[in-house]
Amino acid sequence: MSFFGRSSTSTTQSSSPALLAPSSLPPPKPTDTPAEPKCKPCCACPDTRQARDDCMIMYGEDGETKCAQLIKAHQQCMRDMGFNI
C-alpha cells in the first residue's frame, strides 16, 4: 500500500490509454514572446556588444548614425536572448 492508501497496482490499472498517448494531444501553440533570459544583460551577446562599443568609441558623436547596423544587430541579439528592448 502506498502513502495515500492506494496500492501501486491500482493506479497503473486505472490509467486511461488516452492519457498515455501524446500523439492524441493537439500541438502546443507557438508564442511570439521569447523565452526568459538565461543570463544577465551584461553577459549577453558579447560579440555584437563589443563591435557596437568599438564603433561608437571610434566615431564619437557620429557613432549613432555610422554604427546603426551594429546597434540594430546587438538589439536583435538581445531580443533573441529573451530581453525586452
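Residues numbered from 1 in each chain as written. Predicted model: local features only at pLDDT ≥ 70, side-chain atom pairs only at ≥ 80, totals over all residues. Heavy atoms only, no water.

The name an unreviewed UniProt entry assigns to the chain is Cytochrome C oxidase copper chaperone, from the organism Gonapodya prolifera. Regarding the chain, the relevant UniProt record gives this comment under Sequence similarities (unreviewed entry): "Belongs to the COX17 family." Database annotation for the chain, UniProt heading Subcellular location (unreviewed entry): "Mitochondrion intermembrane space". (UniProt positions renumbered as here; feature names shortened; annotations may be inferred.)

S.K.: Tell me what's going on with helix 5 (residues 68–80), and back it up with residues and numbers.
M.R.: Residues that lie three or four places apart on an α-helix share one face, since the helix turns once every 3.6 residues. Under the 1.5 Å per step criterion, the end-to-end length of helix 5 is 18 Å for 13 residues, consistent within 8% with the ideal 18 Å. Regarding helix 5, the residues found buried are I71, H74 and M78. All buried residues of helix 5 project into a common sector of 65° when viewed along the axis, lining one side. Projecting away from the buried face of helix 5 at angles above 90 degrees are the exposed residues Q69, K72 and D80. Buried residues along helix 5 sit against helix 3 (46–59) and helix 4 (63–66). G82 occupies a position one or two residues after helix 5 and carries a positive phi of about 105°. (Helix = DSSP H or I, 4+ residues; strand = E, 2+ residues; numbered from the N terminus. Expected span 1.5 Å × (residues − 1). Buried < 20%, exposed > 50% of the residue type's maximum accessible area, 1.4 Å probe, protein only. Arc of directions from axis to C-beta. Contact = heavy atoms within 4.5 Å.)

S.K.: Please give an account of unusual backbone geometry that cites residues and values.
M.R.: One non-glycine residue with positive phi stands out, namely C45, at about 55°. One can find C45 in the loop between helix 2 (17–20) and helix 3.

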